[in-house]
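Coordinate inspection notes
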Amino acid sequence: MKKYYIYILTAVLPILWGACNNGDDIDTKHSIFSTEPMEHNGFDEWLLANYTYPYNVDFKYRMQDIESDHKYNLVPADYDKSVALAKIIKHVWMEAYTELAGPAFLRSYVPKTFHLIGSPAYDSSGTKVLGTAEGGKKITLYEVNSLDFENVDIEVLNEYYFKTMHHEFAHILHQKRNYDPSFDRITEGKYVGSDWYFYVAENGNSYLREDADAWPEGFVTAYAMSEAREDFVENIAMYVTHDQAYWDNMLKVAGTAGAAIINQKFTIVYNYMLETWGINLDDLREIVLRRQQEIPELDLSTIE
């Protein structure tokens, strides 16, 4: 894969160089690469009006070398898909918190940079990275180019984006004001670190650990088994992006012991969000789920 990536760059660069030397016009208004000076297009103006001015957020859809993680082979996000995702994020995520807690709350704690990448990223273990957050200041979302915005699937959007964003935002909140440390001790001996994505069965074979495999152990997702802080924020992310039927089924599959542990943890999570931040997770979930259903009504077309 790495050699193929270099090969593609080698093949394309002479073409770009030739185009510049021949004086051909380059569509800088819609370029997926960040160059200076960059002419603003209609989407840039829309981002200023909908992200930068109200929330002090810099939404980066052009690939910038300084913003990208060089340990991954990455490609830029498609322009049209960046437009669609920016509109969906605003409606389903940004405005959900604004509706519940007001714009000042989101403006105070939201990461100041959103960065879109077109391709997926994989860590050294081969696990796909859906998103990263850097010190509460930047969220990077990957695999934008794989999305089909003509046939929006909210479960795919949740898995790739919204669960990640609620997860990372919850990290920011607990880093500002810590949660009850008794949470960490409930399943203290069950966290498995980087081995969360697989387990070794009695026959000695290794298998991918699905979320349902984690439920009887008292965790809402497989990733929640990695460590206590991830466990804490996964409770928030899963609760607000799924309806009560999903939650009830999870508790049923978890069994008596697993459900008791999940409920014990979630009580701490729920009270923390309500008492520390004034966020009622039931109200937030209702707003998020309603806004998810409104996605088909949004105009996701390109802004010129």
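Here, the structure is the one placed above.
A few points on the structure. Computed from a predicted structure; not experimentally measured.

Looking only at helices and strands, one finds 10 helices and eight strands in the protein chain. Residue burial in the protein chain is summarised as follows: out of 304 residues, 48% are buried. A sequence separation of at least 24 residues applies to 72% of the contacts in the protein chain between residues at least 6 apart. As displayed, the protein chain offers around 15,300 Å² of accessible surface, 52% of which is attributable to carbon and sulfur atoms.

To continue, consider the pairing of strand S6 (residues 138-141). Residues Lys138 and Thr140 point to one face of S6 and Ile139 and Leu141 to the other, with burial holding for every one of them. The sheet contact formed by strand S2 (residues 113-116) and S6 spans four bridges and is parallel. Looking at the pairing, His115 lines up with Thr140 of S6.

Considering the arrangement of structural elements, one finds Asn56 in the loop between helix H2 (42-55) and strand S1 (58-60). When neighbours within four sequence positions are excluded, Asn56 is seen to be in contact with Tyr51 and Lys112.

Taking 1.5 Å of rise per residue, the 14 residues of helix H8 (residues 228-241) would be expected to cover 20 Å, and the 20 Å separating its terminal C-alpha atoms lies within 8% of that figure. With 13 of 14 residues buried, H8 lies mostly within the body of the structure.

Inspection of the entire model under this criterion finds 31 aromatic pairs. A centroid spacing of 5.5 Å and a plane angle of 55° characterise the contact between Phe105 and Tyr109, whose relative ring orientation is tilted. Here Tyr109 and Phe105 lie together in helix H4 (residues 103-109), a separation of four residues that amounts to about one turn. Here Phe105 and Tyr109 have matching classes, each one buried. Looking at Lys265, its charged tip hangs above the ring of Phe219, at a distance of 3.8 Å from the centre.

The rules we used
- Note on numbering: residues in each chain are counted from 1, in written sequence order.
- Note on the predicted model: pLDDT of at least 70 is required for a residue's local features to be given, and 80 or more for side-chain atom pairs to be given and counted; whole-chain, interface and lining totals, by contrast, use all residues.
- Excluded from the side-chain calculation are hydrogens and water; included are all heavy atoms of the structure.
- Secondary structure elements are taken from DSSP: a helix is a run of H or I of four residues or more, a strand is a run of E of two residues or more, and numbering for both begins at the N terminus.
- Throughout, exposure labels follow a simple rule: accessible area from a 1.4 Å probe, protein chains only, divided by the maximum for the residue type, with under 20% read as buried, over 50% as exposed, and the rest as partly exposed.
- Contacts are assigned to residue pairs with any non-hydrogen atoms lying within 4.5 Å of each other.
- Computed with a 1.4 Å probe, the accessible areas rest on the Shrake-Rupley method; for each residue, only the protein chains presented here act as cover.
- We call two strands paired when DSSP finds no fewer than two bridges between them.
- A helix is expected to span 1.5 Å multiplied by its residue count minus one.
- A pair of aromatic rings is counted whenever rings of Phe, Tyr or Trp (Trp by its six-membered ring) have centres within 6.5 Å, and the orientation is called stacked for planes under 30 degrees apart, edge-to-face for over 60 and tilted otherwise.
- Charges are assigned to positions over rings by a cutoff of 6 Å between ring centre and Lys NZ or Arg CZ, combined with an angular limit of 35 degrees from the ring normal.

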